[in-house]
Amino acid sequence: MFTLSDDQIAIRDMARDFAEAEIAPHAVEWDEKKFFPMETLRAAAALGMGGIYVREDVGGSGLSRLDAALIFEALATGCPGTAAYLSIHNMATWMIDRFGDDDQRAKWVPRLASMEHFASYCLTEPGAGSDAAALKTRAVRDGDYYVLDGQKQFISGAGASDIYVVMVRTGGDGPKGISTLVVPADTAGLSFGANEKKMGWNVQPTRAVIFEGARVPVANRLGAEGEGFKIAMAGLDGGRLNIGACSLGGAQAALDKTLAYMRERKAFGKRLDEFQALQFRLADMATELEVARTFLWRAAAALDAKTPDATKLCAMAKRFATDGGFNVANEALQLHGGYGYLADYGIEKIVRDLRVHQILEGTNEIMRLIVARTLMG
């Protein structure tokens, strides 16, 4: 569990090389211009990163959750926001592959795995964030169609994506009244809000997804009516590992930048890395990342093995890795002094990008609630 295989090392190095060559040189500019690098993402998909843990018969790479964690950490060293969108795309694509029938898988997954098409995950609403089971977007059956009315909020990729995996209410209140529909972007009655002005993640668009009498075929439903909440939560187990891995990658990049900076910067007649007090801070940063990484791998292995405690471990790992990743990046900014606050050094962007990881895929307060409920039986 603690030693990577030769194949895993090769996968990680491939993703890291791609990040260094194709993502990192452009990350600050993409952030400033709010540019969504769709062609770069398609280039990543050409290397197998568009459907990492999707089955091979529909174009996926058929890799494990641990392999995915290695990939997303490596990609996030180039830009956490870019890696995080790819994580969400993989989550939505996997949901279709895992819960769709053969016709649905053949219809949608190959073009998602190649990233000819992009995918978005639509659960959160203006009045239903952490309390996701309270969602209000309604899908009313009308013959062979559902008629959708409602709004989803904070949707990554909205307006650019081709496919939306949407949780809707087909029944009564609570989780058992929720179903999952696949909604193509060209559906009549589907529209989008303005691109949100955000603290970070500027490299990907974030918009409201609005349904006004949108007619979606019943054939687009994943699973049976009432299974949508279970499907949504299954997606999030892996999504939480991925976003934790993105936090580790961003924080590792910040630590690496800090080590290089401190070898060059002098104060009081000495290089910064010669001060023992600062060495201790670097040691704590490295230790925090290594502990989080090791535990994330443990949770990924549990999810691969489908152990009974996998959901709990994924929640623990998400909370620990995203809190730790943000703390390390913030400490890296502090160690850069005033230069860390400047955009040119890339540190403040990492801090801004990583902050939202403590909120999305379930807030870290909800992660604690999941763990507490398992402890209390």
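Presented here is a report on the structure given in the accompanying data block. These numbers come from a predicted model, not from an experiment.

A short note on helix α9 (residues 310-335)
Item 1. An ideal rise of 1.5 Å per residue puts 38 Å on 26 residues; α9 measures up with 37 Å between its terminal C-alpha atoms.
Item 2. In the stretch just after α9, Gly337 is the one whose phi turns positive, near 65°.

Side note on the pairing of strand β5 (residues 178-184)
Item 1. Most of β5 is tucked away: six of the seven residues are buried.
Item 2. Relative to β5, strand β4 (residues 163-169) is paired through seven bridges, and the arrangement is antiparallel. In the sheet register, Val166 faces β5, and the bridge partner there is Leu181.
Item 3. Looking at chain direction, β5 and strand β8 (residues 221-222) are connected through two bridges and run antiparallel. From the neighbouring strand, Thr180 faces β8, where its bridge partner is Leu222.

Some details on the packing of helix α4 (residues 65-76) against helix α8 (residues 276-305)
Item 1. For the pair α4 and α8, interaxial distance at closest approach is 8 Å and the crossing angle is 145°. Of the residues in α8, those in contact with Arg65, Leu66, Ala69, Leu70 and Glu73 of α4 are Arg293, Leu296, Trp297, Ala300, Leu303 and Asp304.
Item 2. For the contact of α4 with α8, a count of residues per class yields seven nonpolar, no polar and four charged.

Focus: the environment of Ile88
Item 1. In this structure, Ile88 sits in helix α5 (residues 80-99).
Item 2. Owing to a relative accessible area of 8%, Ile88 belongs among the buried residues under this scheme.
Item 3. If sequence neighbours within four positions are ignored, Ile88 has contacts with Tyr121, Ser156, Trp201, Gln204 and Glu361.

A closer look at the side chain of Lys349
Item 1. Mapped onto the elements, Lys349 comes out in helix α10 (residues 347-355).
Item 2. For Lys349, a relative accessible area of 5% puts it in the buried group.
Item 3. Every residue in contact with Lys349, bar those within four places of it in the chain, is listed here: Ala27, Val28, Asp31, Cys79 and Pro80.

Focus on the packing of aromatic side chains
Item 1. Scanning the entire structure with this criterion turns up ten aromatic pairs.
Item 2. Seen from their ring centres, Trp30 and Phe35 are 6.2 Å apart, and the 40° between their planes marks the pair as tilted.
Item 3. Of the residues examined, Trp30 reaches a relative accessible area of 7% and is grouped as buried.
Item 4. Consider the rings of Tyr339 and Tyr345, whose centres lie 5.4 Å apart with planes at 45°: the pair is tilted.
Item 5. Linked through ring pairs, Phe36, Tyr85 and Phe118 together constitute an aromatic cluster.
Item 6. Cation over ring: Lys270 sits above Phe275, and NZ or CZ is 4.8 Å from the ring centre.

Some details on the environment of Ala21
Item 1. Looking at the element boundaries, Ala21 is found in helix α1 (residues 6-23).
Item 2. For Ala21, a relative accessible area of 44% gives the class partly exposed.
Item 3. Put simply, Ala21 and Gly78 are 57 residues apart on the chain and 8.7 Å apart in space, counted from C-alpha to C-alpha.

Some thoughts on unusual backbone geometry
Item 1. With phi around 55°, Lys34 is a residue other than glycine that occupies positive phi space.
Item 2. Note on placement: Lys34 falls in the loop between α2 (27-33) and α3 (38-46).
Item 3. A positive phi angle, close to 55°, is found at Lys306, a residue other than glycine.
Item 4. The residue Lys306 is located in the loop between α8 and α9 in this model.

Observations regarding the pairing of strand β2 (residues 138-142)
Item 1. Of the pairings in the sheet, the one linking β2 to strand β3 (residues 145-156) comprises five bridges and is antiparallel in character. Within the sheet, the bridge partner assigned to Arg141 lies in β3 and is Tyr146.
Item 2. Counting the residues that bridge the hairpin from β2 to β3 gives two residues, and of these Gly143 lies at a positive phi of roughly 65°.

Quick notes on a nonpolar patch on the surface
Item 1. There is a patch of nonpolar side chains on the surface, built from Tyr339, Leu342 and Tyr345 and spanning about 260 Å² of accessible area.
Item 2. Note that Tyr339 resides in the loop between α9 and α10.
Item 3. The class for Tyr339 is partly exposed, based on a relative accessible area of 33%.

Describing the state of the cysteines
Item 1. Across all of its chains, the model carries zero disulfides by this definition.
Item 2. Not engaged in a disulfide, the cysteine Cys122 finds its nearest cysteine sulfur in Cys246; these two sulfurs lie 19 Å apart.
Item 3. For Cys122, a relative accessible area of 0% corresponds to the buried category.

Notes on α3
Item 1. Those residues of α3 not exposed but buried are Thr40, Leu41, Ala44 and Ala45. Down the axis of α3, the sector holding all buried residues measures 150°, keeping them to one side. Projecting away from the buried face of α3 at angles above 90 degrees are the exposed residues Glu39 and Ala46.
Item 2. In this fold, the buried residues of α3 make contact with α1, α2, α5 and α6 (102-113).
Item 3. Of the residues trailing α3, Gly48 is marked for its positive phi of about 95°.

Reading the values: rules and limits
- Residues numbered from 1 in each chain as written.
- Predicted model: local features only at pLDDT ≥ 70, side-chain atom pairs only at ≥ 80, totals over all residues.
- Heavy atoms only, no water.
- Helix = DSSP H or I, 4+ residues; strand = E, 2+ residues; numbered from the N terminus.
- Expected span 1.5 Å × (residues − 1).
- Buried < 20%, exposed > 50% of the residue type's maximum accessible area, 1.4 Å probe, protein only.
- Pairing = 2+ DSSP bridges.
- Axes fitted to C-alpha atoms, helices over the stretch in contact; angles between N-to-C directions.
- Contact = heavy atoms within 4.5 Å.
- Nonpolar A, V, L, I, M, F, W, Y, C, P; charged D, E, K, R; others polar.
- Phe/Tyr/Trp six-rings, centres within 6.5 Å; stacked < 30°, edge-to-face > 60°.
- Lys NZ or Arg CZ within 6 Å of the ring centre and 35° of its normal.
- Patch = residues over 30% accessible without salt bridge, like charges linked within 9 Å, V, L, I, M, F, W, Y side chains within 5 Å.
- Areas by Shrake-Rupley, 256 points an atom, 1.4 Å probe, with all protein chains shown as cover.
- Salt bridge = Lys/Arg side-chain N within 4 Å of Asp/Glu carboxyl O.
- Disulfide = S-S within 2.5 Å.
- Arc of directions from axis to C-beta.

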